[in-house]
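Spelled out from the first residue to the last, the chains are:
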Amino acid sequence: MNMVSGSFRRPEIGPRGLYLHIPFCQTKCGYCDFYSVAVSDLPTLPLIKAVARELANRLADDPGPITTVFVGGGTPTVLATAELAELMKPLKIIVDRNRPAEFTVEANPGTVDDSKLDLLAEAGVDRISMGAQSFHRSELEALERIHAPDDIPKGVKTCRKHGVVRINLDLIFGIPGQTLANWRESLRRTIYLGVEHVACYGLTYEPGTPLTTRRERGLIVPCDDELEAEMYLAAMDDLEAAGYEQYEISNFARPGQRCLHNLIYWRNQPYIGVGPSAAGYLDGVRYKNVSSIEGYVHAIERDGHAVVESEKLTGAALAGETAMLRLRLNDGLVFDEFLRRTGIDVRDGFAKSIARYTEKAWLTVTERGIALTRAGRLMADTVIADFLAEVSASSRIAP
Ligand code: SF4
């Protein structure tokens, strides 16, 4: 313990997240490129045991408080109740030891029932993030989602019944065949449910997914770019009018309801990642586990870990990654903090990009830092790509 000026000073404890990846879903959606498999394809218990073992090893190596827990995937709630209970056992110990500020589990409509919600609430889960995506049957079918629109309010009601105080709904816009009116109707029904948090993502065509293959074969007509931009602007308008603050490119929250776990990612703060394909960031090192359930279970049994990639982030890589993540936040990039973190003055390291995009009114510059404007959020990919290119081309910054 440090003693300063005759008083005891606690060591500073910053946020530190824990992410568990559970790679099982009911079926695989056509647009998804997350690592997950249909739950009927493989036994689930060996994976749950391996996850518990990796978690114990990680916490033995990196003890210290966990401030947020996020169990995602995949669809963790697709597990049978007994197996979900097994998964929650080690997490309940963490919760009992130091109550995290937030404990989220991802769920899909149609996969939550009384018994599962009961045990999640008992384990300390206080936030459910639900993949609603759309309130229109034809759009859910285009995405190959297996739930029906009515499953969404039913799922929200079940969560509330079991005392879940914070609910996020994910929505997708830019779905083939989606109209602006239908998108606004999905937003309206989301707002009507009174959830605390909404995430709106534009549909992306990831390489190798069935949806992308259908597009390449001309079997679907993607949403027009202009219409997709109108949908994004409508989300900003309608959610803000309903009392949600936009705090990140895709995320909106009622006051005090921002996702603390995701803020750790966007602020490039440390987190432990556990499970197949999970990534983590500890002591400045980014690591990634193997993306295979069998490979993961085998590696954990043999070595106690399943890391296949790791990289110490320094110089241009650290600056680029921190800028890319921070620019997603409405708070943007804060000069002092960035300098402390990376040793680089934002105004020097990104001078050309700042000049280019302030002129277009896509960026604002204040004494505190820089941030995307409303128009800039529409062009975020372009702006961020240029920031990354500038920092990696700089001869003054070590690679
Ligand atoms: S439910 Fe989510 S994680 Fe699972 S396949 Fe669909 S999009 Fe991917």
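Residues numbered from 1 in each chain as written. Predicted model: local features only at pLDDT ≥ 70, side-chain atom pairs only at ≥ 80, totals over all residues.

1. Observations concerning the overall build of the chain
Keep this limit in mind: Runs of E in the DSSP output that reach at least two residues are strands. Runs of H or I that reach at least four are helices, and both are numbered from the N terminus. Each radius of gyration is computed over the set of C-alpha atoms, and the globule rule expresses the reference value as 2.2 Å times the number of residues to the power 0.38. Here a residue counts as buried when 20 or more other C-beta atoms fall within 10 Å of its C-beta, as exposed when 12 or fewer do, and as partly exposed in between; the C-beta atoms come from the backbone.
Regarding its fold elements, the chain presents 16 helices and 19 strands. Computed over its C-alpha atoms, the radius of gyration of the chain comes to 22 Å, within 12% of the 21 Å expected for a compact globule of 399 residues. Dimensions along the principal axes, computed over C-alpha positions, put the chain at roughly 55 × 55 × 40 Å. For the chain, with 399 residues in total, the buried portion stands at 40%.

2. Brief notes about the pairing of strand β16 (residues 307–312)
A regular strand carries its side chains on alternate faces of the sheet. Our working definition: Here, any two strands with at least 2 DSSP bridges between them count as paired.
Of all six residues in β16, zero are buried; the element is thus mostly exposed. Of the strand pairs in this sheet, strand β15 (residues 285–289) and β16 are connected by five bridges, and their pairing is antiparallel. Within the sheet, the bridge partner assigned to lysine 288 lies in β16 and is glutamate 309.

3. What to know about the sheet that holds strand β17 (residues 333–334)
Judged by pairing direction, the sheet is antiparallel, and its three strands sit side by side in the order β17-β19-β18 without closing on themselves. At either margin of the open sheet sits one strand with a lone partner, and together these are β17 and β18 (363–365).

4. Comments concerning the packing of helix α11 (residues 315–328) against helix α16 (residues 380–393)
The following threshold applies: Structural elements are reduced to axes, namely lines fitted to C-alpha atoms, with helices fitted over the stretch in contact, and the angle between N-to-C directions of any two is expressed from 0 to 180 degrees. By the definition adopted for this analysis, an angle is roughly parallel if under 35 degrees, roughly antiparallel if over 145, roughly perpendicular if from 65 to 115, and oblique otherwise. It is the rotation of the near helix from the far one that decides the hand of a crossing: anticlockwise by less than a right angle makes it left-handed, clockwise makes it right-handed. Two residues qualify as a contact pair if the distance between their C-beta atoms, derived from the backbone, is within 7 Å.
α16 packs onto α11 with a crossing angle of 165° between their chain directions and a minimal axis gap of 9 Å. As the angle between them shows, α11 and α16 are arranged roughly antiparallel. Our pair here, α11 against α16, has a crossing hand that is right-handed. Residues Ala316, Ala319, Gly320, Ala323, Met324 and Leu327 of α11 form the contact with α16, whose own contacting residues are Val383, Ile384, Phe387, Leu388, Val391 and Ser392.

5. Section: the domain arrangement of the chain
Applicable threshold: The split of the chain into domains comes from an automatic or database domain assignment.
Segmentation of the chain into domains returns domain 1 (9–265) and domain 2 (315–393). One C-alpha centre belongs to domain 1, the other to domain 2; they are set 28 Å apart. The interface of domain 1 with domain 2 comprises eight residues on the first partner and eight residues on the second. Only α8 (225–241) and β11 (245–248) provide two or more residues apiece to the side of domain 1 that touches domain 2.

6. Quick look at the pairing of strand β13 (residues 271–274)
On β13, burial covers both faces: Tyr271 and Gly273 on one face and Ile272 and Val274 on the other are all buried. By the bridge criterion, four bridges tie strand β3 (residues 17–22) to β13 in an arrangement that is parallel. Across the sheet, residue leucine 20 finds its bridge partner in β13, namely valine 274.

7. Re the nonpolar core
Rule in force here: A set of buried Ala, Val, Leu, Ile, Met, Phe, Trp, Tyr and Cys residues, joined to one another through C-beta atoms within 7 Å, is what we call a nonpolar core.
Grouped together as the largest cluster of nonpolar side chains are 74 residues, with contacts concentrated most on Ile167, Phe173, Val198 and Tyr296. Membership of the second largest hydrophobic core comes to 18 residues, among which are Leu318, Ala319, Ile344 and Phe387.

8. Topic: the environment of histidine 298
Note on placement: histidine 298 falls in helix α10 (residues 293–303). Histidine 298 sits 69 residues away from alanine 229 along the chain, and the two C-alpha atoms are 45 Å apart.

9. Quick notes on unusual backbone geometry
A cis amide bond, omega 20°, links glycine 73 with the succeeding residue glycine 74. For glycine 74, the location among the structural elements is in the loop between β6 (68–73) and α2 (81–97). The phi dihedral of glutamate 144 is positive, around 60°, even though this residue is not glycine. Here glutamate 144 is to be found in the loop between α4 (137–142) and α5 (151–161). Judged by the 14 C-beta atoms lying within 10 Å of it, glutamate 144 is partly exposed.

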